[in-house]
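Working through the structure, step by step
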Amino acid sequence: MIKIDRVLFPTDFSDSSYSALPHAQSVARRFNAELLLGHVRFPLLEGSPNEELLQFFDEEKYSKYVEEKLHLVASQVEYTEFRPVVKNNISAASGILELVETEGIDLIVMATHGRTGLGHFVMGSVAEKVARHSPVPVLTVSSRTDCYRSCPDYRRILVGYDFSHFSRSAVADALELARFYEAELDILHVIERKVDSGYYETWREKAREEAPGICAEMEEKLDSLLGRPRKEGIRLEVKIGNGDGRVADEIMEYAAYREIDLLVVGTHGFTCLLYTSPSPRDLSTSRMPSS
């Protein structure tokens, strides 16, 4: 059973990092959890690439800067149970993971884009490192507010399933979240592999033949998690890809079409990654998933 007593919102004080704050507050409020506003404080080294830090070779000035920034973040919090916390570390990702251990964090809610230097919350760097190595689930939120819902309202949840033990664990977490938020749940398996253009039609025809059997196998494998009969609001889907090997693109396309609010993805056994999904209302194109 999902139990969340402490939620960590890491911030590098960039505008983009604040996009995750409404989600962090919403989750903390839902679970009646304590919200920690975390910042990783870097050592002041001469020749530092962090241009914004060059004015802070005076430790006292740097400490005052961090204190003022955290006070500014706190002023934006509309939740009573919160506290700021600072961790000294040479790495943002390591500092965040250290906070998880020392503060007993149950969930990290962080942005996937930020500025370089003082913080570098870019998926593929800090956010990815945290998601890959965190012992607790990580909820990532895009800083592109034009494409993401700024107000957390998880009405539809999507989880990817590839028949592995790790994806089964992700389904279990997604099911609990769906029941907790009274949301619809989609469980998606993508048939995809990279094939040469000359073999595409043959591969696609074969995939069409296999799809019903795969869907039946999914239902059988997940019976113990979903319950029999499946509860209303749970949907099993098998999607055939484009033969380019890009499973992530297929998942995102499906998420846009189905107006998914929250994606749940296993990260190869380390933890469970949850991230908010683009609203198709804000996308220029959205098409029906192929089958």
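Our subject in this report is the structure included herewith.

Once that is clear, we can look at the overall build of the protein chain. Helices and strands together make up the secondary structure of the protein chain, namely eight helices and 10 strands. The buried share among the 291 residues of the protein chain stands at 49%. The long-range share in the protein chain, meaning contacts at least 24 apart out of those at least 6 apart in sequence, stands at 74%. Counting every atom, the protein chain has about 14,800 Å² of accessible surface; 49% of that belongs to carbon and sulfur.

For the rest of this paragraph, the subject is the nonpolar core. Ranked by internal contacts, the top residues of the largest apolar core, which has 75 residues, are Val-7, Phe-9, Leu-35, Ile-108, Ile-157, Leu-185 and Ile-187. Per-element tally for this core: the top contributor is helix α5 (residues 165–181), with seven residues. Once residues lying within four places of it in the same chain are set aside, the contact partners of Ile-108 are Leu-8, Pro-10, Ile-96, Val-100, Val-130, Ser-134, Val-136, Pro-137, Val-138 and Leu-139. If you look at the next biggest cluster of nonpolar residues, it comprises eight residues, including Leu-188, Val-190, Ile-251 and Leu-263.

It is worth spelling out the packing of aromatic side chains at this point. Tallied over the entire structure, the rule returns six aromatic pairs. For the pair Phe-31 and Phe-180, a centre-to-centre distance of 4.3 Å together with 5° between the ring planes defines the contact as stacked. With Phe-31 in the loop between α1 (21–30) and β2 (34–41) and Phe-180 in helix α5, this residue pair connects regions lying 149 residues apart in the sequence. When the ring of Tyr-200 is compared with that of Trp-203, the centres are 6.1 Å apart and the planes differ by 40°; the resulting orientation is tilted. Of the two residues, Tyr-200 and Trp-203 both sit in helix α6 (residues 200–221), three residues apart, roughly one turn of that helix. Judged by its relative accessible area of 12%, Trp-203 falls in the buried class.

The rules behind these values
- Residues numbered from 1 in each chain as written.
- Predicted model: local features only at pLDDT ≥ 70, side-chain atom pairs only at ≥ 80, totals over all residues.
- Heavy atoms only, no water.
- Helix = DSSP H or I, 4+ residues; strand = E, 2+ residues; numbered from the N terminus.
- Buried < 20%, exposed > 50% of the residue type's maximum accessible area, 1.4 Å probe, protein only.
- Contact = heavy atoms within 4.5 Å.
- Areas by Shrake-Rupley, 256 points an atom, 1.4 Å probe, with all protein chains shown as cover.
- Core = buried A, V, L, I, M, F, W, Y, C linked by side-chain atoms within 4.5 Å.
- Phe/Tyr/Trp six-rings, centres within 6.5 Å; stacked < 30°, edge-to-face > 60°.

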